[in-house]
Amino acid sequence: MAGRINDDDVKVVRDAVPIDTVVSEYLQLRPAGGGNMKGLCPFHDEKSPSFQVSPSKGLFHCFGCQEGGDTIAFVMKIDHLSFSETVERLAAKAGITLRYEEGGYNPTHQRGERIRLVEAHKAAADFYVEQLGGEEAAIGRKFLAERGFDQSAAEHFGVGYSPAGWDHLTRFLRGKGFSDKELLLAGLSQDGRRGPIDRFRGRLMWPIRDISGEVVGFGARKLRDDDNGPKYLNTPDTAIYKKSQVLYGVDLAKKDIAKASRAVVVEGYTDVMACHLAGITTAIATCGTAFGTDHIKILRRLLMDNGSARVIFTFDGDAAGQKAALRAFEDDQKFAAETYIAIAPDGMDPCELRLNKGDAAVQDLVEPRTPLFEFAIRQIVSRYDLETPAGRASALDEAGPIVARIKNGASQHEVAVQLAGILGILDTQFVVKRVAQMARWARDRGGRGPAGPASSSPSSSSPSSYASGQSPALSGPALNLRSPAHRTERELLKLALQRPELVSPAFDAYGVDEFTAPPYAAVRRAVEDAGGAEQGMASAPEYLAGVREAAPNDAVRALVTELAVEVFHGKTIDESYAGEQLVRVRLRAVDLRIHDVTSTLARLGTGADHERHQAVQNELWVLQQYRQSLRNSGAAAL
């Protein structure tokens, strides 16, 4: 039995592979100050980067989920490897030969299961590439040539060919020292009548690599009419391959996705090839499954939730492609990036487009044209008879909530006007108001949609109600990175935690209800319970410790830590910048209150009790005057 890896060799491996190089294979890292790097944590779902890497110390730490350690600990966790397997993998990358305390060098058959499966796939990929040059594979080379791919393109993407016989690959890998059990576990072989046989036979083969570049599976294209299998056959789920967690081409595209803050999602292997060869090197595709939540997580870590990031879907123009686009739209709000759809006018996919019209046509196709939500609206509306009032009303009821999900108020208004035109409803303002009502319902229920008449809000006699902090409720819209209001609230909380001297004492007069995102309201409450931002002017460490201690649960506590270390968006952080954030948050709160009071006034009507009517009118007047003062005088009016 192989023994323990020599301690000196472990140290050599740890020092030889820089931690930022390893981590960068899985997520985008950006400077975080002080020589550190930051990115979105791969171990938990987060909206803002709390994962930090210190290259000088060789350590990583996530302020959100508290995972941390060195290079070896990172690889062990992210790839679910044992300590020995991790050291062996890193040693192989660094070209280091390991020594073992007992039994000499580690026998191949005793290496970790995952490493053995990856090695089997690498050997299989090399085998398939070699076979593509043979006489039998002429049909595969013809398939590629007919789609505009020459030998260099095939080599770049590692395309190969699986022989049509029963067990060519199985016998080859046995000769490399792999057991039948390993080949079955890898999904490269399957049980036959007389033992294992090749899973893929007589097909064109695309190696599917994980984000670190290791081959973990294959996609196989049928070439012959006598092949009774599906058009595309993929590796089954194995210990190293989960189709819902893999994106084809991500190993080639990840650096350009991070650099350009753009990803192009296509439907197949040849589409990825066509896009990359046409200069769209940010193209990736799913592997025989719909684009889903796990795929979004991969892209979010590469895009780092940059507000200017774009994700462009290029689905086919047929019914199946439209259905796929609508499925993608269901997950749209999980992106901070803007999402678009690109469909060629004649319905061609990128591969066909490149073949028929050249590289420039592919480049033009993926320039963002139609927002995904607009495409979804038109698809929904197309199902109704817009020639009848009932059809237009029903279409509005289904399409309206989609527009209401747009967090930017100006964009929401603009799209609502477009929706009115699409529906043929002449009363544009009716549609705008209807969408706004749907948005309010969604906010009132934390983004869960309409819930009948809302209960009336308690009125207040003056703007000071916004500073009272009497409302402990944390209801409101779910946290959304595209919302300007939420971005401002986040910036103000960062100021209160990191630079309290710039916002105190004004911040301490803000009520919890002025923070519309429940997580931010919870942080505001924690600051209040810890004695307010004014406490931070005396001792920052004690102040932050007090806020963390006052947090009601681990989630809020983690958010406090995150906000306390996150960099500011502004270039110059001074009293002017702090005053701007204070005013924006207060103005938002006043605007919301004016809207509520105006609605109350409209419901009262002319027949209401005169004193009640007069009191509401007075409150509205005071609020409007206060709003005007904030706009004219800024922070001086607080």
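So, here's what we can say about the structure. Note that the coordinates shown come from a computational prediction; the quantities given were computed from them, not determined experimentally.

1. Looking at the overall build of the chain
Right, on to step 1. Secondary structure assignment for the chain yields 26 helices and 17 strands.
Right, on to step 2. Buried positions account for 49% of the 638 residues belonging to the chain.
Right, on to step 3. By sequence separation, contacts in the chain at least 24 residues apart represent 67% of the contacts at least 6 residues apart.
Right, on to step 4. On the chain, roughly 29500 Å² of surface is accessible, and the fraction owed to carbon and sulfur atoms is 50%.

2. A short note on the packing of aromatic side chains
Right, on to step 1. Under the defined criterion, the tally for this structure stands at 17 aromatic pairs.
Right, on to step 2. One residue, Lys77, lies across the ring of Phe43, its end atom 5.4 Å from the ring centre.
Right, on to step 3. Its guanidinium or amino end placed over the ring of Phe143, Arg147 lies 3.6 Å from that ring's centre, counting from NZ or CZ.

3. Here we look at the nonpolar core
Right, on to step 1. Core analysis: the largest hydrophobic core is formed by 61 residues, its most contacted members being Leu144, Trp206 and Phe218.
Right, on to step 2. With 48 residues, the next largest nonpolar core counts Ile211, Ile257, Phe291 and Ala337 among its residues.

4. Here's the deal with the environment of Glu619
Right, on to step 1. Looking at the element boundaries, Glu619 is found in helix 26 (residues 610–633).
Right, on to step 2. In the structure, Glu619 is positioned 21 residues away from Thr598 in sequence and 9.8 Å away in space, judged by C-alpha atoms.

5. Re the sheet that holds strand 2 (residues 36–39)
Right, on to step 1. On the basis of which strands lie adjacent, the open sheet formed by five strands has the order 1-2-3-4-5 and antiparallel pairing. Looking along the sheet, the strands with just one partner apiece sit at the ends: strand 1 (30–33) and strand 5 (68–69).
Right, on to step 2. Judged from the four bridges that link them, strand 3 (residues 51–54) and strand 4 (residues 59–62) form a sheet pairing that is antiparallel. Paired with Phe51 across the strands is Cys62, a residue of strand 4.

6. So, the pairing of strand 9 (residues 203–209)
Right, on to step 1. The element strand 9 is extensively covered by neighbouring structure, given that six of its seven residues are classed as buried.
Right, on to step 2. Where strand 6 (residues 160–162) meets strand 9, three bridges bridge the pair, whose relative direction is antiparallel. Bridge assignment links Gly160 to a residue of strand 9, and that residue is Met205.
Right, on to step 3. As defined by bridge partners, strand 9 adjoins strand 10 (residues 215–222) across seven bridges and the pair is classed as antiparallel. By the bridge assignment for strand 10, Arg203 is matched with Lys222.
Right, on to step 4. Two successive antiparallel strands, strand 9 and strand 10, enclose a turn made up of five residues, where Gly213 displays a positive phi of approximately 95°.

7. Side note on the pattern of salt bridges
Right, on to step 1. Applying the stated rule across the entire model yields 31 salt bridges.
Right, on to step 2. Across the pair Arg203 and Asp227 runs a salt bridge whose closest N-O atoms are separated by 3.1 Å. With Arg203 in strand 9 and Asp227 in the loop between strand 10 and strand 11 (232–234), the pair connects residues that are 24 residues apart, well separated along the chain.
Right, on to step 3. Judged by relative accessible area, Arg203 falls into the buried class, the value being 3%.
Right, on to step 4. Glu501 is the partner of Arg499 in a salt bridge, and the nearest nitrogen-oxygen pair spans 2.5 Å.
Right, on to step 5. Look at Glu501 and you get partly exposed, because its relative accessible area is 37%.

8. Some points on unusual backbone geometry
Right, on to step 1. Along the chain, Ser504 connects to Pro505 via a cis peptide bond; the corresponding omega equals 10°.
Right, on to step 2. Position of Pro505 among the secondary structure elements: in the loop between helix 21 (500–503) and helix 22 (518–529).
Right, on to step 3. In the Ramachandran plot, Gln66 falls in the positive-phi region, its phi being about 70° despite a non-glycine side chain.
Right, on to step 4. Tracing the backbone shows Gln66 in the loop between strand 4 and strand 5.
Right, on to step 5. We classify Gln66 as partly exposed; its relative accessible area is 46%.
Right, on to step 6. For Ser261, which is not glycine, the phi torsion reads 55° and is therefore positive.
Right, on to step 7. Topologically, Ser261 is positioned in the loop between helix 10 (250–260) and strand 13 (262–266).
Right, on to step 8. Judged by relative accessible area, Ser261 falls into the buried class, the value being 9%.

Conventions and cut-offs
Residues numbered from 1 in each chain as written. Predicted model: local features only at pLDDT ≥ 70, side-chain atom pairs only at ≥ 80, totals over all residues. Heavy atoms only, no water. Helix = DSSP H or I, 4+ residues; strand = E, 2+ residues; numbered from the N terminus. Buried < 20%, exposed > 50% of the residue type's maximum accessible area, 1.4 Å probe, protein only. Contact = heavy atoms within 4.5 Å. Areas by Shrake-Rupley, 256 points an atom, 1.4 Å probe, with all protein chains shown as cover. Phe/Tyr/Trp six-rings, centres within 6.5 Å; stacked < 30°, edge-to-face > 60°. Lys NZ or Arg CZ within 6 Å of the ring centre and 35° of its normal. Core = buried A, V, L, I, M, F, W, Y, C linked by side-chain atoms within 4.5 Å. Pairing = 2+ DSSP bridges. Salt bridge = Lys/Arg side-chain N within 4 Å of Asp/Glu carboxyl O.

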